[in-house]
Every structure is written in C-alpha cells, then in structure tokens.
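Coordinate inspection notes
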Amino acid sequence: KGIAAATRSVCFTLCLLCLLLYIFGIAFTQLTVGTEVGDKYFRDVPMSMYTLLMRGTLMDAIGAPLEELNHLGWFFAGVYLLFVLLATVTVMNMLIGVLCEVVSTVAAVERERLAVTYVK
C-alpha cells in the first residue's frame, strides 16, 4: 500500500530527473561539440542523457568523463559536478525521502486501523 500511495510523488521526482537529464544533455552536447570527449560521451542528446544518467546520476564510473572534461577546462568539469550535485544529492535523496515518508504514513494508518479492529 505504501508504494502505491507514493506513485504520484515518485513520478514527479522522476520527471524532475528527466528534465535535468534533458537540460544538461543539451548543454553538454553543445559545449563539447567537435572535441574527443564530445565524440566519446556526448555525441548527441540521447547519448548525453545516457552518459549523465549512468555516470552522473547512478555513479557508475563517475570519474571517467570528469577526467576528460577536466582536460578541456575547469568550466566543463564544474558543470558536470553541478549536474552530479543536482541529480544525485538533491533529486535522488528527495526520492528516498518521499518514499520513506509515505511508507511510514501508511504504516501508521495501518497500525491505527488494526487497533480499531482489535477494539471492536
């Protein structure tokens, strides 16, 4: 019941994550056009979004693009780290917080319902 109650909040949180992926995907596609790191990680917007999801949000080998972006300049690495901060720390923790809050609320309601049933 808790997961079913959290579906709306989870959907909005995932939509926010998709919006961040899209915005930063466009930014990295434009910023790295014509570079080696652009050809490898940010060739087009879907590839950029995939790279940002896997490496920036889910933290799978986060350092590989960061190293190569740092060779281009500190600005590129800073934008990548800004995305990691926004996506991982903010959005993913918001998702975990929403799920925990909804599950604890549903558990309290269920506990109260069982207590009322027991009294009857």
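Residues numbered from 1 in each chain as written. Predicted model: local features only at pLDDT ≥ 70, side-chain atom pairs only at ≥ 80, totals over all residues. Heavy atoms only, no water.

Re the overall build of the chain
- Secondary structure assignment for the chain yields 5 helices and 0 strands.
- Secondary structure elements of the chain occur, N-terminal to C-terminal, as α-α-α-α-α.
- Taken against the 2.2 N^0.38 rule, which gives 14 Å for 120 residues, the C-alpha radius of gyration of the chain at 20 Å runs more than 25% over that of a compact globule.
- On the principal axes, the C-alpha backbone points of the chain span a range of 75 × 20 × 20 Å.
- Here the chain holds 120 residues, and 31% of them are scored as buried.
- The long-range fraction of contacts in the chain, counting pairs at least 24 apart against all pairs at least 6 apart in sequence, stands at 67%.
- Side-chain charges of the chain comprise 8 positive and 9 negative groups, with the mean position of each set lying 16 Å from the other. (Helix = DSSP H or I, 4+ residues; strand = E, 2+ residues; numbered from the N terminus. Rg over C-alpha atoms; globule rule 2.2 N^0.38 Å. Buried < 20%, exposed > 50% of the residue type's maximum accessible area, 1.4 Å probe, protein only. Contact = heavy atoms within 4.5 Å. Lys, Arg positive; Asp, Glu negative; His and termini not counted. Charge placed at Lys NZ, Arg CZ, Asp CG, Glu CD.)

Observations regarding the packing of helix α4 (residues 63-72) against helix α5 (residues 74-119)
- Where α4 contacts α5, the axes come no closer than 5 Å and their chain directions differ by 145 degrees. Residues P65, L66, L69, N70 and L72 of α4 lie in contact with α5, whose contacting residues are W74, F76, A77, Y80 and L81.
- The residue makeup of the contact of α4 with α5, split by class, is 9 nonpolar, 1 polar and no charged. (Axes fitted to C-alpha atoms, helices over the stretch in contact; angles between N-to-C directions. Nonpolar A, V, L, I, M, F, W, Y, C, P; charged D, E, K, R; others polar.)

Concerning the state of the cysteines
- In total, this model carries 0 disulfides according to the counting rule given.
- Note on C11: no disulfide assigned, nearest cysteine sulfur contributed by C15 at a separation of 6.5 Å.
- For the unlinked cysteine C15, the closest cysteine sulfur is that of C18, found at 6.2 Å. (Disulfide = S-S within 2.5 Å.)

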